[in-house]
Amino acid sequence: MKLLTRRAFGLLVLTVLLAAGLLIFTVRYAVNASDWAQHPTNKHLYSEGRLKIAGILYDRNGTALLQTEDGEIKYNENKTVRRALLHVTGDSYGNIVTSIPVAYGDRLSGWDPVNGAYRFHDKVSGFGSDMTLTLDADLCTAAYNAMNGRKGTVGVYNYKTGEILCMVSLPSFDPENRPNVEASPEKYEGVYLNRLLSAAYTPGSVFKLVTAAAAIDRIPNLDTLTYHCEGKKLINGTEVTCPSAHGDVTLKEALAQSCNIYFAEISLELGGKTLQRYAENAGFNSRLTVDGIQTAAGKVDVSEAEGGDLAWAGIGQYSDTANPLSFMAYVGAIANDGVRVTPKLVKGKGLSSFLFGANLRQERILSRETAVKLGALMRNNVIEGYGEKNFKGLELCAKSGTAEVGGDKKPHSWFVGYLDREDCPLAFIVVVENGGSGSKVAGNVAAKVLKAAVERQTDGK
Amino acid sequence: MNSIIENGNQILDGIRAWADGVVAGVAAYLSNPIEFVEFYTFVVRWIFPILAAAIFFRCLLPLLRSGGANRIWGFLEIKDAYRIPIMHWENSIGRSKLSDIVINLPFVSRSHAVLSFGEKCWTITDLASKGGVRVNGETVDGSGSVEFGDSIAFATAEFQFLPAEEGYESLPRKSRWDWFSKLGRNLDSNKTFLLILAFQVLGGIQLYLTMGEAATVSVIETFLIFIAAECVYYFVLSRYGRKYRELELLIYFLCGLNLFVVASAKPGHLTKQLAAILLGMMVYAAIQLIIKDVGRGRKLKYLLVGCSVVLMVLNLTIGEARFGARNWINLGFITFQPMEFVKVAFVLAGTATLDKLLTARNLTAFIGFSGSCIGALILMRDLGTSVIFFGAFLVIAFMRSGDIRTIAFISAGAVLGAFAVVTFLPYIASRFQAWGHVWEFADTIGYQQTRTLIASASGGLLGVGGGNGYLVKVAASDTDLVFGILCEEWGLVVALAAVLIIVFLSVFTLFLMRGCKSSFYAISACGAVSIFMIQTALNVFGSLDILPLTGVTLPFVSNGGSSMVVCWALLSFIKAADERIRPGREEAESAAEGLTEGEGV
């Protein structure tokens, strides 16, 4: 029988193949079962393509943003709240792919790997399927109002815990009274895009925060180094312009007055490769994952750039683009002594978030000294440049940006920064598309939002 | 410090949120009345996976105890020197390491002779050796009979052929897998059987409660008769059988799942399916009785091959088409799939005893029979079954010839042929078109597969409860998509256990190989199990889009009378290959004592 035992090889091959197939299925199941279950033809969860019943979506204060019962979707009763949070609650047709019902459909539907689509007594368990977000609906509404209908985005997050408090993107609409989006393409341009997560804009002068970080680390005699600004300069045949002639400026003055010539010169001094490294550390050319939702990637490509291109890149023009959330996280890192806490959107349930590592992801992207120096410069910007009286009591550190977008369009208006306060460790970003002057337009929005945020934060909400 | 307080607060928050949730939940549930069936499902869906896992392991471990033959049929003795035990009914003798009795002497050929037992006497067959074989001094030409006490000489090596003495009936064997064997020695099959009954009773109640209008007394009767039949058969096995009982237990478990699936998908078929299971059990017992003697087994082989030729001709002339394949015969009072029954003949047709296998290397008859089976299947447009036959053919042909080149040649030819078939038959080609991208054809040619995947995901690990699934509404789900039904209603754990049981049948057969009495049993067991394996792969992976969907049944689980009976028939070949005698009560007790003593120390 030894002979036949050996010749039973064929059967062994079949056995191994069958076992391998089962393994393939098990792996596919582990990875994809959630997607399979979410297929709209699944009668356990859907009827006529809509979730039969789903968990409730709450903001951090327990305001219900979205409920589903018997296939009916109910949003918040306030029209402005609905508009401010459109990109969070989605539009009930799944057009907004970064919205919670799309990204967390499995969780809201009550599906889980152990119980599948089983429901006791046709109810989803509140504990398992309800979701609480880190967002503050009222703050989002305040930000939405402050934007006053202009396109753009506002983001506020806690740079110590990573919790995003405010995430607003415009244009927007009321999902309960859906307008005809296709009829006015201008008005609703990119309405399904959450600009905080998924847009990438030319950053303009806010990028100087990246160039400045590189300079602080790499230029030895930085405190005494000055460059002369006459309002414009020809570099390798390319003209770099500055809004006004600043004369001899140090880094501190250059950042406060946003002097292009200074940063052009210092970029040439640093070289493309160094600038590229610092940009990538700051989060360019990579995506952040916010509780499973990926952001768009900002882009910087200067490792081969020289002369005028490199000079323009160092002041946030050239081919640079920045993702607002990613840049906000960079500013958060400056605030948090160089450690970037990845922003998050879903508030962990107390017990599980504690047990399973609280999904707090931290990464040091700047040295402590650099972060502190940069922070001091940003504080100086506010005092010298933007006017402390506009941001009274906020302990604001900030940088504005006015990003040229070409053509005859007005530049994008940026304002980024953070509050240097133990009780309100908040970093923020405001982008107003074609808004004009950064510190005036975006700064104004920021002032309103931050005041509201501090009020709510210190009220204990 | 702060972080500790914060974490503490978080925990308190969590507990509070959870408590709130529970209170709100309970309030919500109490606001409208809950039916009993909901509570029942809520509880038992946790019990099924636990029972399934327990049953699986409690059957698996005892079956893999003490491998190889543990019975000695006689000895070859060199006078006043040593003796070689004869462990099989067929023993190859020679210098080769692959011989069952290795005689490492010059003049002895690598493959010298076969000593075999059949028709109540021992025979020695000379395999055209150089030195020749002599019995009591007389040269054996071809084969000749030997009796205990005779002297047998292989070239110059002379042995005395002696009978086995008392006490060599069940020989303990030592191996490096002893630790594994020990795992199974305290598992009582009676308790395992009770677990299976519990699984079936709880599952039957679950189905009865969810069936609604279809719930009739006949459903209860079906389950009760099935359970009674199991009990009777188990009692007979315990009382009169000496072999391990776990193999039957595993199949009882699968048949129970079969009834669950049928009750959920086609309640009207329950009675028919029960009849098929009972008939299958009888066929199983009958075939075992017949092939106990290899000679009778051979006669059965010729009888069945003859019958199956008739069946195939009948099928080709009066066959009916269902789901595209013309593989049904309707005799007015009964309809069946003849090609299912041909499988049994096919497996037997491949068998041969070791002396035949080593003297006549001729495979022509078997190749001819296989070729006509596969040809008939292609005419019937039954692609799945022809793949099953072809796969089993490869396994058996390799066991018969041991020649990998021939097999590779045949395979290459078959692949080309299959390619041609797929190209020319658009009906089959469309199945291949969906393969790998079923989600793009979710509502057309990928309908069945996507619904199976959705159902499997909807079940989770525990299932939504028997009778609560939606996959049963899809056409042919009770045969082709049965894995999806198991996943959806009974959970992934139970479904995987069902498939792993079939994988285990193969491991078990491989494990038995070394100890087989006769190559007749070895080949038929391998043939039978390879049919199970290919069928399982085509069925399960076809429905899950890992292979193209071909529409074959899952052994023992799919709805289908012919299939069920034939699976039992094929199982009898596996059972026949198991020569081991289960440890008696005394032995089991002494083993248990040994263990308790060991623990005492």
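Quick look at the structure, then.

Rules and cut-offs
- Residues numbered from 1 in each chain as written.
- Chains lettered and ligands numbered in written order.
- Predicted model: local features only at pLDDT ≥ 70, side-chain atom pairs only at ≥ 80, totals over all residues.
- Heavy atoms only, no water.
- Helix = DSSP H or I, 4+ residues; strand = E, 2+ residues; numbered from the N terminus.
- Buried < 20%, exposed > 50% of the residue type's maximum accessible area, 1.4 Å probe, protein only.
- Contact = heavy atoms within 4.5 Å.
- Lys, Arg positive; Asp, Glu negative; His and termini not counted.
- Charge placed at Lys NZ, Arg CZ, Asp CG, Glu CD.
- Pairing = 2+ DSSP bridges.
- Core = buried A, V, L, I, M, F, W, Y, C linked by side-chain atoms within 4.5 Å.
- Axes fitted to C-alpha atoms, helices over the stretch in contact; angles between N-to-C directions.
- Parallel < 35°, antiparallel > 145°, perpendicular 65-115°, else oblique.
- Nonpolar A, V, L, I, M, F, W, Y, C, P; charged D, E, K, R; others polar.
- Patch = residues over 30% accessible without salt bridge, like charges linked within 9 Å, V, L, I, M, F, W, Y side chains within 5 Å.
- Areas by Shrake-Rupley, 256 points an atom, 1.4 Å probe, with all protein chains shown as cover.
- Salt bridge = Lys/Arg side-chain N within 4 Å of Asp/Glu carboxyl O.
- Expected span 1.5 Å × (residues − 1).
- Polar contact = N/O pair within 3.5 Å; in protein donor to acceptor, adjacent residues only side chain to side chain.
- Buried area = accessible area lost by both parts, 1.4 Å probe.

**As for the overall build of chain A**
Counting its regular elements, chain A contains 18 helices and 19 strands. Each principal axis of the C-alpha atoms in chain A carries an extent, and together these give about 90 × 70 × 45 Å. Counting the 461 residues in chain A, one finds 58% classified as buried. By sequence separation, contacts in chain A at least 24 residues apart represent 65% of the contacts at least 6 residues apart. Looking at chain A, you have 50 positive and 49 negative side-chain charges, and the mean spots of the two groups are 5 Å apart.

**What about the sheet that holds strand β6 (residues 121-126) of chain B?**
Strand-to-strand pairing in sheets goes through backbone hydrogen bonds, with the strands running parallel or antiparallel. Residue and element names in this part refer to chain B. Read across the sheet, five strands follow the order β4-β3-β5-β6-β9 without closing on themselves; strand pairing throughout is mixed. In this open sheet, the two edge strands, each paired with only one partner strand, are β4 (101-102) and β9 (143-146). Relative to strand β5 (residues 113-118), strand β3 (residues 90-94) runs antiparallel, the two being bridged by four bridges. Each residue of the ladder has a partner; that of Asn91, found in β5, is Leu115.

**Topic: the nonpolar core**
Residues A:Tyr262, A:Phe327, A:Tyr330, B:Ile124 and B:Trp568 are the most contacted members of the largest nonpolar core, which totals 318 residues. Dropping the residues within four chain positions of it, A:Tyr330 is found in contact with A:Leu209, A:Val210, A:Ala213, A:Ala282, A:Ile365, A:Leu366 and A:Leu374. Membership of the second largest hydrophobic core comes to six residues, among which are A:Leu86, A:Ile96, A:Phe173 and A:Tyr188.

**What to know about the packing of helix α7 (residues 270-291) of chain B against helix α8 (residues 294-318) of chain B**
The relative placement of two packed helices comes down to the angle between their axes together with the axis-to-axis distance. All names here are of chain B. Running from N to C, α7 and α8 point in directions that differ by 120°, and their axes come no closer than 6 Å. Classified by the angle their axes make, α7 and α8 are oblique. Contact residues: α7 offers Leu289, Ile290 and Ile291, while α8 offers Val294, Arg296, Gly297 and Leu300. Broken down by class, the residue content of the contact of α7 with α8 amounts to five nonpolar, one polar and one charged.

**Looking at the pairing of β9(B)**
Residues and elements named next belong to chain B. Here β9 shows one buried face, formed by Gly144 and Val146, and one open face, formed by Ser143 and Ser145. When β6 meets β9, the two strands line up antiparallel, connected through four bridges. Directly across from Trp122, in β9, lies its bridge partner Val146.

**Details of unusual backbone geometry**
That bond from A:Leu170 to A:Pro171 is cis: its omega, 5°, falls within 30 degrees of zero. Positive phi, normally seen in glycine, also occurs at B:Ala128, with a value near 50°. Along the chain, B:Ala128 falls in the loop between β6 and β7 (133-135). Take B:Ala128: its relative accessible area is 75%, and that puts it in the exposed class. The phi dihedral of B:Ala476 falls on the positive side, at around 65°, and the residue is not glycine. Looking at the secondary structure, you find B:Ala476 in the loop between α15 (447-459) and α16 (482-490). Taking the relative accessible area as the measure of exposure, B:Ala476 reaches 10% and is therefore buried.

**A few points about a positive patch on the surface**
A surface patch of like charges, here positive, comprises B:Lys120, B:Lys292, B:Arg296 and B:Lys299. Positionally, B:Lys120 belongs in the loop between β5 and β6.

**Focus on a nonpolar patch on the surface**
Residues and elements named next belong to chain B. On the surface, Phe36, Val201, Ile205, Tyr208, Leu209, Ile220 and Leu224 cluster together into a nonpolar patch covering about 600 Å² of accessible area. Sort the elements by how many residues they give to the nonpolar patch and helix α4 (residues 189-210) lands first, with four residues. Tracing the sequence through the fold places Ile220 in helix α5 (residues 217-240).

**Some points on the pattern of salt bridges**
All names here are of chain A. On inspection of all chains with the given rule, the structure shows 21 salt bridges over all chains. Of the charged contacts in the structure, one is a salt bridge between Glu163 and Lys347, with a shortest N-O distance of 3.3 Å. Linking Glu163 in the loop between β7 (152-158) and β8 (164-170) with Lys347 in the loop between β15 (339-341) and α16 (350-355), this pair joins segments that are 184 residues apart in sequence. Judged by its relative accessible area of 28%, Lys347 falls in the partly exposed class. Several salt bridges converge on common partners, so that one network encompasses Arg60, Glu163 and Lys347.

**Concerning α15(B)**
With 13 residues, α15(B) ought to run about 18 Å at 1.5 Å a step, and its terminal C-alpha atoms sit 18 Å apart, in line with that. Most of α15(B) sits inside the fold, with 11 of its 13 residues counted as buried. All of the buried residues along α15(B) are B:Gln449, B:Thr450, B:Arg451, B:Thr452, B:Leu453, B:Ile454, B:Ala455, B:Ser456, B:Ala457, B:Ser458 and B:Gly459. Contact partners of the buried residues in α15(B): α2 (9-37) of chain A together with α16 and α18 (519-543) of chain B. With its phi angle positive at about 60°, B:Gly460 sits one or two positions after the end of α15(B).

**Some thoughts on the side chain of B:Thr509**
Following the sequence through the fold, B:Thr509 ends up in helix α17 (residues 492-513). Taking relative accessible area as the criterion, B:Thr509 reaches 0% and is therefore assigned buried. Within the structure, the side chain of B:Thr509 is placed 2.7 Å from the backbone oxygen of B:Leu505, a separation counted as a polar contact. Apart from residues no more than four positions distant in its own chain, B:Thr509 is found in contact with A:Leu11, B:Ala525, B:Cys526, B:Val529 and B:Ile574.

**A short note on the interface of chain A and chain B**
Listed by partner, the interface residues are 47 residues for chain A and 80 residues for chain B. A combined buried area of about 5,500 Å² lies between chain A and chain B, and 74% of that area is made up of carbon and sulfur atoms. Three residues, A:Met1, A:Arg7 and A:Phe120, lead the burial of chain A against chain B; their summed loss comes to 15% of the area buried on that side. Counting across the interface, chain A meets chain B through zero salt bridges. Our count for the chain A to chain B interface comes out at 13 residue pairs in polar contact (both at pLDDT 80 or more). For the side of chain A that touches chain B, the elements supplying multiple residues, two or more each, are α1 (2-7), α2 and α16 of chain A. Ranked by the residues each element gives to the side of chain A that touches chain B, the list is headed by α2(A), at 17 residues. Here the side of chain A that touches chain B is composed, by residue class, of 26 nonpolar, 13 polar and eight charged.

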